[in-house]
Amino acid sequence: MHLNALNILLAQVTNVAPGQPQQPAGLQQLLGSPITLVILMLVMMYFLMMRPQQQQRARHAQLLKNLKSGDRVATASGIVGVVITVKDRTVSLRSADAKMEVTKASVTEVLTGSDTES
């Protein structure tokens, strides 16, 4: 009985002339191309790696642009302080009894703005 089922399945398969490979059709042909796969990988890499990093850089640049005296900020090294002055490349901070000058790029977040403090 199993042999009869196998014979029926083999009879339904279309015969391809010897020496001629069967061409994949439609979507299978498109996705089987190596160029298509490389393009697909590049698009995925852009949306998974590059685009989020560009958005993060833009948010950080906007944060530094809006930085003003009186803002309470945190730096990349973990220092929390209040902005005294903002210069072109540096920011003067007051943290506890210390006054320090750090680069603008090291400011990672604004904890509270000067207009919300009392």
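Residues numbered from 1 in each chain as written. Predicted model: local features only at pLDDT ≥ 70, side-chain atom pairs only at ≥ 80, totals over all residues. Heavy atoms only, no water.

## Re the nonpolar core
What counts, and what does not: Nine residue types can take part in a nonpolar core, namely buried Ala, Val, Leu, Ile, Met, Phe, Trp, Tyr and Cys, and a core is a set of them joined through side-chain atoms within 4.5 Å. Here's how the labels work: a residue is buried when its accessible area is under 20% of the maximum for its type, exposed when over 50%, partly exposed in between, all with a 1.4 Å probe on protein chains only. Contacts: residue pairs with any heavy atoms within 4.5 Å of one another.
Among the nonpolar cores identified, the biggest contains 8 residues, and these are Leu64, Leu67, Val73, Val83, Val91, Leu93, Val102 and Val107. Apart from the residues within four sequence positions on either side, Val107 is in contact with His60, Leu63, Leu64, Leu67, Val73, Ala74 and Thr75.

## Section: helix α3 (residues 34-65)
Put simply, the test is: Runs of H or I in DSSP of at least four residues are treated as helices and runs of E of at least two as strands, each being numbered from the N terminus. Here the expected length of a helix is defined as 1.5 Å per residue gap, with one fewer gap than residues. To obtain the bend at a residue, axes are fitted to the seven residues ending there and to the seven starting there, and the angle between these axes is taken.
Spanning 32 residues, α3 covers 45 Å between terminal C-alpha atoms, matching the ideal 46 Å at 1.5 Å per step. The largest bend along α3 measures about 40° and falls at Tyr46.

## Here we look at the pairing of strand β2 (residues 80-86)
For the record, the criterion: Strand pairing is assigned whenever DSSP detects at least two bridges linking the two strands.
Strand direction decides the pairing type here: strand β1 (residues 72-75) and β2, joined by 3 bridges, are antiparallel. From the neighbouring strand, Arg72 faces β2, where its bridge partner is Val82. Direction of pairing for β2 relative to strand β3 (residues 90-95): antiparallel, over a ladder of 4 bridges. Bridging across to β3, Val83 finds its partner in Leu93. What sits between β2 and β3 in their antiparallel hairpin is a turn of 3 residues.

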